[in-house]
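Chains, contacts and geometry: an overview
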Amino acid sequence: MNEFRDNLLARIEQAEEAVRQAVERQDAYAAEVHGADLANLRRLAAEHGVR
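The structure displayed is predicted, hence computed values, not measured ones.

In the UniProt entry, the feature "coiled-coil region" (unreviewed entry) is given for residues 5–32. The annotated region residues 5–32 carries 89% helix and 0% strand content, and the separation between its end C-alpha atoms amounts to 25 Å.

Counting residues in each nonpolar core, the largest one holds eight residues, listed as L8, I12, A15, V19, L38, L41, A45 and V50. Those elements giving two or more residues to this core turn out to be helix 1 (2–24) and helix 2 (28–47). It is helix 1 that provides the largest number of residues to this core, a total of four residues. Excluding anything up to four places from it in sequence, I12 contacts L38, L41, R42 and A45.

Attention now goes to unusual backbone geometry. In this model, Q26 sits at a positive phi of 60°, which is unusual for a non-glycine residue. Locating Q26 in the fold gives a position in the loop between helix 1 and helix 2.

The next subject is the pattern of salt bridges. For the coordinates displayed, the defined rule picks out five salt bridges. One salt bridge in this structure joins R20 and E17, with 3.1 Å as the shortest N-O distance. Within this pair, R20 and its partner E17 are both found in helix 1, separated by three residues, close to a single helical turn. The exposure class assigned to R20 is partly exposed, which follows from its relative accessible area of 44%. Judged by its relative accessible area of 33%, E17 falls in the partly exposed class.

Thresholds, definitions, all that
- Residues numbered from 1 in each chain as written.
- Predicted model: local features only at pLDDT ≥ 70, side-chain atom pairs only at ≥ 80, totals over all residues.
- Heavy atoms only, no water.
- UniProt positions renumbered as here; feature names shortened; annotations may be inferred.
- Helix = DSSP H or I, 4+ residues; strand = E, 2+ residues; numbered from the N terminus.
- Core = buried A, V, L, I, M, F, W, Y, C linked by side-chain atoms within 4.5 Å.
- Buried < 20%, exposed > 50% of the residue type's maximum accessible area, 1.4 Å probe, protein only.
- Contact = heavy atoms within 4.5 Å.
- Salt bridge = Lys/Arg side-chain N within 4 Å of Asp/Glu carboxyl O.

Laid out in structure tokens, this is it:
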């Protein structure tokens with residue numbers, strides 16, 4: 001379970017960074033795509049009790 005949690009948290013961090021970069025570039029489409037990915041990752045984390 002630790003490997004799953006660690007990978008999930010790493011993917012969340014990557015998605016957060018991708019959203020930040022897209023916003024900085026004023027790329028609304030990329031921000032929306034990465035934001036949706038981030039929302040899905042957070043939902044998955046919540047479903048599995050990962051904080």
